[in-house]
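# Observations on chain architecture
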Amino acid sequence: MASPGLRLLLLGYLGVLSYPEVSGISILTDNENVKAEEFKEAILSCKHKSSKGMSLRIEWKKIQPQGVSFVYYNGEFTGDLRGRAEMLNPGIRIRNVTRRDSGTYRCEISDKSEGHPRLQEAIITLTVLVAPATPVCDVPSSAMTGTVVQLSCKETEGSPPSEYQWYKNGVALLEKTGTGSARTPNITYTMNKKSGTLLFNTVTKNDTGEYFCEASNGIGLSQRCSVKRMQVDDLNVRGIIAAVVFVALVMALCGLGVFYAQKKGYFAKESSSQKKTNYQSTSEKDFKHTKSFVI
């Protein structure tokens, strides 16, 4: 004879197995995670079994951060899916999907004849895959040897996020892999395929060339930015020294010119002449004023 504990366990197990029969409805989906390319179609599977004579209510809802909204209600589609979706008893086919259709959907089936109908549901996640857009590349036109230079490449349309490959003179650049002696030799840069950056810690003249970047995420065609040239030159120390010397000589000559003019009294003569002019002007004004007073 089974113990009381074993009997309770068996009863609980039988209760779980018989739950779909008690409710009269069982529901399942062929694919809980649906992926579809943008502008193609997606099928959200929702299958059910029910007892004979049931009057079923079928509803679809979309679960969003701002709340739950109806997708299919009272026998018709609502919102963005109106005119783009059709029922597949009771799944959904969505035509011409867009990135806005991505999200979590819930298929709900209940018996309308019950006073307090038990609800059966299935959750399906739809991910719309989007091809990358043309990336924006930032490549400096010139750089000095020995300096730090970073090239960047980015696009924000792709889903899943794009990876990036840099090219120099039409040849794909290699990634620096491994450590120590295992690293790829003669590589003076670090390429990050996730972020799209190409970093030169100490750029050299050998890094001069034409660069472009390609974005891809496995959806549609890869996209690339326009080719841009980066010119790396040595620092012209002689030219800088010559420019400094030239400026110093010009300043020295100007200073000598001012000193010579002061020594010759050019500034003093000009000052005396200005004083004389001012004196004459004042005398004429006084004379006119006196003459007017006498009259």
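Going by what an unreviewed UniProt entry lists, the protein chain is known as Junctional adhesion molecule B isoform X1 and is assigned to Pipra filicauda.

What follows covers the side chain of Glu-59. With respect to the helices, strands and loops of the structure, Glu-59 is situated in strand E5 (residues 56-64). There is no salt bridge for the buried Glu-59, and the closest opposite charge comes from Lys-61, which lies 4.1 Å off by N-O distance. Setting aside residues no more than four positions away along its own chain, Glu-59 makes contact with Phe-70, Tyr-72, Tyr-73, Arg-106, Cys-107 and Glu-108.

So, on to unusual backbone geometry. Residue Pro-90 follows Asn-89 across a cis peptide bond; omega there is -10°. The backbone of Asn-74 shows a phi angle near 55°, a positive value even though the residue is not glycine. Relative to the helices and strands, Asn-74 is located in the loop between strand E6 (67-73) and strand E7 (76-77). The class of Asn-74 is exposed, set by a relative accessible area of 67%. Unlike most non-glycine residues, Asn-169 shows phi in positive territory, near 55°. Within the secondary structure, Asn-169 sits in the loop between strand E15 (163-168) and strand E16 (171-172).

Enumeration according to the criterion identifies three disulfides in this entry. Between Cys-137 and Cys-225 runs a disulfide, and the two sulfur atoms are separated by 2.0 Å. In this structure, the disulfide formed by Cys-137 and Cys-225 twists by about -95° around the S-S bond and is classed as left-handed. Of this pair, Cys-137 sits in strand E12 (residues 136-138) while Cys-225 sits in the loop between strand E20 (223-224) and strand E21 (228-233), and the two are 88 residues apart along the sequence. With respect to burial, Cys-137 and Cys-225 carry one shared label: buried.

The next point concerns the environment of Lys-47. Along the chain, Lys-47 turns up in strand E4 (residues 47-50). As for Lys-47 and Gly-91, which are separated by 44 residues in sequence, their C-alpha atoms are 7.0 Å apart. Of note is the side chain of Lys-47, whose polar atom sits 2.9 Å from the side chain of Asp-30.

Its volume calculated, the largest pocket comes out at about 190 Å³. Along its surface, the largest pocket is lined by Lys-62, Gln-64, Ser-69, Phe-70, Val-71, Thr-78, Gly-79, Asp-80, Leu-81, Arg-100, Asp-101 and Tyr-105. Among the secondary structure elements, those contributing two or more residues to the lining of the largest pocket are E5 and E6. Counting residues per element, the lining of the largest pocket draws most heavily on E6, which supplies three residues. A class-by-class count of the residues in the lining of the largest pocket yields four nonpolar, four polar and four charged.

Right, let's talk about the pairing of strand E14 (residues 149-154) for a bit. Where burial is concerned, the two faces of E14 differ: the one with Val-149, Leu-151 and Cys-153 is buried and the one with Gln-150, Ser-152 and Lys-154 is not. Here three bridges tie E12 to E14, and the two strands are oriented antiparallel to one another. Bridge pairing in E14 places Val-136 opposite Lys-154. Across three bridges, E14 lies against strand E18 (residues 197-200) in antiparallel orientation. Bridge pairing in E18 places Val-149 opposite Phe-200.

In terms of nonpolar packing, the biggest core is built from 24 residues, with Leu-44, Trp-60, Val-71, Phe-77, Ile-92, Ile-94 and Leu-126 touching the most fellow members. Mapped onto this core, the elements with two or more residues apiece are strand E1 (25-28), strand E2 (33-37), strand E3 (42-44), E6, strand E9 (91-94), strand E10 (103-111) and strand E11 (119-129). Look past the residues within four positions of Phe-77 in its chain and what remains in contact with it is Val-71, Tyr-72, Arg-82, Ala-85, Glu-86, Met-87 and Ile-92. Within the second largest apolar cluster, 23 residues are counted, among which are Ala-143, Tyr-189, Met-191 and Phe-212.

It is worth spelling out the side chain of Glu-155 at this point. Inspection of the secondary structure puts Glu-155 in the loop between E14 and E15. This buried residue, Glu-155, is left without a salt bridge; Arg-99 holds the nearest opposite charge, at 7.6 Å. From its side chain, Glu-155 meets the backbone nitrogen of Gly-158 in a polar contact 3.1 Å long. If we skip the residues at most four places from it in the chain, Glu-155 touches Pro-132, Ala-133, Thr-134, Pro-135, Ser-162, Tyr-164 and Ala-215.

How each quantity is defined
- Residue positions are given per chain, counted from 1 along the sequence in the order it is written.
- A pLDDT threshold of at least 70 governs which residues receive local features in this predicted model, and a stricter bar of 80 or more applies before side-chain atom pairs are shown or counted, although totals over entire chains, interfaces and linings include all residues.
- Heavy atoms from the whole structure form the basis of all side-chain values; hydrogens and water molecules are not counted.
- By the criteria applied, helices consist of DSSP H or I runs no shorter than four residues and strands consist of E runs no shorter than two, each listed in order from the N terminus.
- Throughout this description, buried means an accessible area under 20% of the type-specific maximum (1.4 Å probe, protein chains only), exposed means over 50%, and partly exposed covers the range between.
- Residues scored as charged are limited to Lys and Arg (positive) and Asp and Glu (negative), so that His and the chain ends carry no count.
- A pairing counts as a salt bridge when a side-chain nitrogen of Lys or Arg comes within 4 Å of a carboxyl oxygen of Asp or Glu.
- Note on definitions: a residue-residue contact is assigned when non-hydrogen atoms from the two residues lie within 4.5 Å.
- Disulfide: a pair of cysteine sulfur atoms within 2.5 Å of each other.
- Definition of a polar contact: a pair of N or O atoms within 3.5 Å, with one able to donate and the other able to accept a hydrogen when the atoms are protein atoms, and with sequence-neighbouring residues admitted only if both atoms are side-chain atoms.
- Cavity means a closed set of points on a 1 Å grid over the protein atoms alone, one where a 1.4 Å probe fits but cannot get out, pocket means an open set with protein on both sides within 12 Å along at least 5 of 7 lines, and lining means a residue has an atom within 4 Å of a point.
- Grid points are joined across faces, edges and corners, and a volume is the space filled by probe spheres set on the points.
- Three residue categories are used. Nonpolar comprises Ala, Val, Leu, Ile, Met, Phe, Trp, Tyr, Cys and Pro, charged comprises Asp, Glu, Lys and Arg, and polar comprises the others, including Gly.
- Should DSSP find at least two bridges between two strands, the strands are regarded as paired.
- Residues belong to one nonpolar core when they are buried, are Ala, Val, Leu, Ile, Met, Phe, Trp, Tyr or Cys, and are joined through side-chain atoms within 4.5 Å.

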